[in-house]
Structure formats: structure tokens, C-alpha cells
Amino acid sequence: LKNNTIYGGTLWGIEDKLDYLLSLGVSTIYLSPIFASVSNHKYDTGDYMTVDEMFGGEEAFRSLLEKARERGMSIILDGVFNHTGRDFFAFRDIRENRENSQFRDWYCNLNFWGNNSFGDGFSYDNWGGYDLLAKLNQRNPAVRDYICDVIRFWVSEFDVDGIRLDAADVMDFEYMKALRSVANEVKADFWLMGEVIHGNYSRWANDGTLHSVTNYMLHKALYSAHNDRNYFEVAHTIKYVNDMTGGKLKLYTFVDNHDVERIYTKLRNKAHFAPVHVMLYTLPGIPSIYYGSEFGIEGKKERGSDDSLRPELNYEEFRNSLETNPCTRLIAALGRIRRSTPALCLGEYKELLLRNTVFAYSRTYEGKSVIVTLNNADTAAEITLDFGGTFIGALSGRKATANGGKLLLSVEANSGEIWIPEDIGGESFEPVVITE
């Protein structure tokens, strides 16, 4: 509960850190499942219309929403709509009434001649091999109508800004179309994003289904291209995804999340934390940071468990990170730069130079080009580009002026830089120390 002492791991704790998140340039908070359930991970939903008391309940959520809106921040919820927990009302009714339950068609392959690990005397399709997670029958109109009403509830009661669909890549497409129809109905800018691991992203993200999906292809390319010192992998991935989607989608981009190892753990050379994040914030897409990764913490899958990827953090230990931690300083700087530079959000992407260890591209918006340069080698590099004008390095504060239509840029070892035209910079950029 909220009190006058240090607290965290609750919605109150997030509210307490809103100003800190704002200092990182965060504009949207995507929460893992907060609906009531019996587990700690909350993917076994028991009540889709109740905020779990573990996180502070409805009072905490309303307070967080109010304080977030005061700061111009949006809130996205995680919708686990593939399966429910065993204490969800429909499943409870089946356990009590068996063949006579009016909800017997809400779940997949219900068989009253079988059994399950809980000894109920019937079997059903579960999720991932866990009987705790009972798989919903998404083709049942009653299930679709109920989940659509769930979305309406969270908008009408709390005015949430969007839903992230868990495991969208195995969802029924008609089910998703129904959810998109509701998204269009409840709020003009309501955002429906889905978790998609493999496949053609445009199958899920288009005018009829979702607004965006997770870009796992780029996630893999970003860390692997640095570990292998091969920027061709990133360039190929960008082109492949762009061709796949027709360049029309803004995908959700990330370097780590609650299901994969922390980026600081995955990088063989920890100095690559800088160029990886420069790319995350400047390539096409919607960049995201997984809580705690802005500190450069480790997180490795161990013995088949994801627990180490999802630690409880004592933020008092990181109180001065904006001043003392180079990883945090970098993330904060990149957040400020992106928010003040429309080309990084809306600009057309163009590859300018590509080598194994050096990469340069531009983002052009309203006739002005921002240039991004990367270097994954242990030695500095110099590159020449066909550009005129004067540019300011947003991270280093250095100035570079073209000579005869040729722009000579120096890129430090294991680093990246964002070169902004002097006439649109709007501010003098101060150097950011991104290495210890």
C-alpha cells in the first residue's frame, strides 16, 4: 500500500517515478497485466474488469492515470485474451456445472471424459502446457463480444490509451478484426498493438486488424550485428521488413523485454550498448525501453526460468543514475533528442553508407535530413558523405561543415552519433558522456 516510506512494484511506485520517466523522454507507459488473478505473473486472468490489489487496486490505477495525463503521458494495458485463469467466472461455472454449464463452448476442446492436472474430471486445451491457463475459444461469438466489452470498459471507465495483445501471432484473425472494430469505435487514437514473433507483420498490422506489432526481426539484428560486427544484417533486416510492410507501418521496436535476455547481457562488448541504442532511437519504428535496462543491468534466462529477466528493483540504488550512470545518461539524451527532432519520428529512411563496422543513414522530413552514423569497431572511423551544410552532433556537441558538397564525419570507436542540421537544431547540444 502507498505510505510515506520507499515503495515499488505497485502502480503507486510507478506514479512516484513519473518525473524520472519523463526525464528519460518516456511518453507512453506499457504495463504488464494488471487484471486480477491468483498468480504473481498475472497472465492467468481471473477478472478482466478489476485492477489486482497486489498493484494497489483501482485507487492506485486512477491516481496513476491522473498524474500521467498531467504530464502528457499515455497508458497502454496488456490484454491477455488468448486464455483465462481457472478462477475466471466462465471456467468456474464449468467446474461447478460441467456438461450443463452455459459456458462450455467458451473454451477449446473441452472433454468431460478426460482429466487435467488439477483433477477436475475433464480436459481442455491449455496454453503452453499449463493447465492454469485455459485456452479461450476465440471463434465463439459470445467470447468475442465479452472481450470487446472488456476493451469498452477500460476506455469508458478509465480512458486508457491502448491495449497490447499478448501472443497475437496465434490469435484468430476474425477475433482481432472484432477487437480493431471496437478500438476504432471507442477512441479516435486508441492504439492496438500485438505481440508477433515470426511471420509477415502486415498480416497482423493493417487497416483491418492491429495498428502495430513487435519487431522481433529488428530486435535480433540489432544485438547480433554488433556481436558479429556486421552491420549488413541490420541493413538487410530494415529493407526486408520495409518491403514486407510496404513502408507503411510504425512497428514497436525494442532491444529487450520480459521474454528475452537483457541487452547488456546479450552484448559481448558492453561498449556496444551505445550504438545499439542510438539505432533503436533513430531507425523507423516506435522505440521502447524495458524497465531497468536504462541502468545497464544484467538478466539471463536460467534453468528455463524468466525470473532473472523480471527482477524487483530497489530504485534507491539507482537514485543518482542520471548523473552517474553512463547508460542512463545516454537513454535520457536519446529521449530528448528524439522528442525534439521530428525527422527521427516521421522522416523517410535512406541508407547512405554500409560496411561491416560502419553504417550511416538519414531520416528526411520536410526537406531536412538528419544523419546517423554508427561504428562497432574498436578504432575510430572517418566517412565522407555527399551532403552540404553544417551539422551538429547531438551527442558529442561537435560541429561538422561540408566542403564542396562533401561532408567529412568522424565516428568514435564503439559509438554512434546523430547529426542534426544546424538550422533546425533549435538548441546547442551539450556533450553526453556515454562511457565510464
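Residues numbered from 1 in each chain as written. Predicted model: local features only at pLDDT ≥ 70, side-chain atom pairs only at ≥ 80, totals over all residues. Heavy atoms only, no water.

Draft legend 1. Spotlight on the environment of Ala 90. Mapped onto the elements of the fold, Ala 90 is located in helix H4 (residues 89–97). C-alpha separation for the pair Ala 90 and Val 143, spaced 53 residues apart in sequence, amounts to 10.0 Å. Setting aside its immediate chain neighbours within four residues, Ala 90 contacts Phe 103, Trp 106 and Tyr 107. (Helix = DSSP H or I, 4+ residues; strand = E, 2+ residues; numbered from the N terminus. Contact = heavy atoms within 4.5 Å.)

Draft legend 2. Quick peek at helix H11 (residues 273–282). The buried count for H11 comes to 10 of 10 residues, which makes it a mostly enclosed element. Those residues of H11 that sit buried are Phe 273, Ala 274, Pro 275, Val 276, His 277, Val 278, Met 279, Leu 280, Tyr 281 and Thr 282. (Buried < 20%, exposed > 50% of the residue type's maximum accessible area, 1.4 Å probe, protein only.)

Draft legend 3. Main features of the environment of Asn 116. Counting through the fold element by element, Asn 116 comes out in the loop between H4 and strand S6 (126–127). Accessibility expressed as a relative area gives 11% for Asn 116, which makes it buried. Not counting the four nearest positions on each side in its chain, Asn 116 is found in contact with Arg 86, Phe 122, Tyr 124 and Asp 131. Polar side-chain contacts of Asn 116 include one of 3.1 Å to the side chain of Asp 120. (Polar contact = N/O pair within 3.5 Å; in protein donor to acceptor, adjacent residues only side chain to side chain.)

Draft legend 4. Main features of the sheet that holds strand S8 (residues 162–165). As summarised here, the arrangement of the five strands in space is S1-S4-S8-S9-S10, forming an open sheet in which the pairing is parallel. Two strands lie at the open edges of the sheet, namely strand S1 (28–30) and strand S10 (212–213), each paired on one side alone. Pairing geometry for strand S9 (residues 191–194) and S10, over two bridges, is parallel. Pairing of Gly 194 across the sheet is with Val 213, part of S10. (Pairing = 2+ DSSP bridges.)

Draft legend 5. Seen up close, the sheet that holds strand S17 (residues 390–393). The sheet built from six strands is open, its strands ordered S13-S14-S15-S20-S17-S18 with antiparallel pairing. Of all the strands in the sheet, the pair left with one neighbour each is strand S13 (348–354) and strand S18 (399–401). For this sheet, the mean angle separating the axes of adjacent strands, direction not counted, is 25°. As defined by bridge partners, strand S14 (residues 358–365) adjoins strand S15 (residues 368–375) across eight bridges and the pair is classed as antiparallel. Bridge assignment links Phe 359 to a residue of S15, and that residue is Leu 374. The sheet strands contacting helix H9 (residues 232–245) are S13 and S14, and the helix crosses S13 at an angle near 150°. (Axes fitted to C-alpha atoms, helices over the stretch in contact; angles between N-to-C directions.)

Draft legend 6. Representation of helix H5 (residues 141–158) in the model. In this model H5 runs 26 Å from its N-terminal to its C-terminal C-alpha over 18 residues, within 8% of the 26 Å that 1.5 Å per residue would give. Where H5 is concerned, the buried positions are Val 143, Tyr 146, Ile 147, Cys 148, Val 150, Ile 151, Trp 154, Val 155 and Phe 158. Each element contacted by the buried residues of H5 is listed here: strand S2 (35–37), strand S3 (45–51), helix H3 (57–70), strand S4 (74–79), H4 and helix H6 (173–186). Following H5 by one or two positions, Asp 159 has its phi on the positive side, about 60°. (Expected span 1.5 Å × (residues − 1).)

Draft legend 7. Representation of unusual backbone geometry within the structure. Even without a glycine there, the phi angle at Arg 229 is positive, about 50°. Position of Arg 229 among the secondary structure elements: in the loop between helix H8 (216–227) and H9. Given a relative accessible area of 28%, Arg 229 falls into the partly exposed group. Here the phi dihedral of Arg 303 falls at roughly 50°; this positive angle occurs in a residue that is not glycine. Inspection of the secondary structure assignment puts Arg 303 in the loop between strand S12 (286–287) and helix H12 (321–324).

Draft legend 8. Structural view of the nonpolar core. Among the nonpolar cores identified, the biggest contains 112 residues, and Phe 61, Leu 77, Phe 81, Leu 165 and Val 234 are the most heavily contacted of them. Not counting residues up to four positions away in its chain, the partners in contact with Phe 61 are Leu 11, Leu 31, Ile 34, Val 51, Ile 75, Leu 77, Trp 154, Phe 158 and Val 160. (Core = buried A, V, L, I, M, F, W, Y, C linked by side-chain atoms within 4.5 Å.)

Draft legend 9. Seen up close, the packing of H11 against helix H13 (residues 326–339). Close contact between H11 and H13 brings their axes to 10 Å; oriented N to C, the two are set at 20°. When the axes of H11 and H13 are compared, the pair comes out roughly parallel. You can see that H11 and H13 cross each other, and the crossing is right-handed. Residues Phe 273, Ala 274, His 277, Val 278 and Tyr 281 of H11 form the contact with H13, whose participating residues are Cys 327, Leu 330, Ile 331, Leu 334, Gly 335 and Arg 338. Split into classes, the residues belonging to the contact of H11 with H13 amount to eight nonpolar, two polar and one charged. (Parallel < 35°, antiparallel > 145°, perpendicular 65-115°, else oblique. Left-handed = near helix turned anticlockwise from the far one by under 90°. Nonpolar A, V, L, I, M, F, W, Y, C, P; charged D, E, K, R; others polar.)

None of this, on its own, says anything about what the molecule does.
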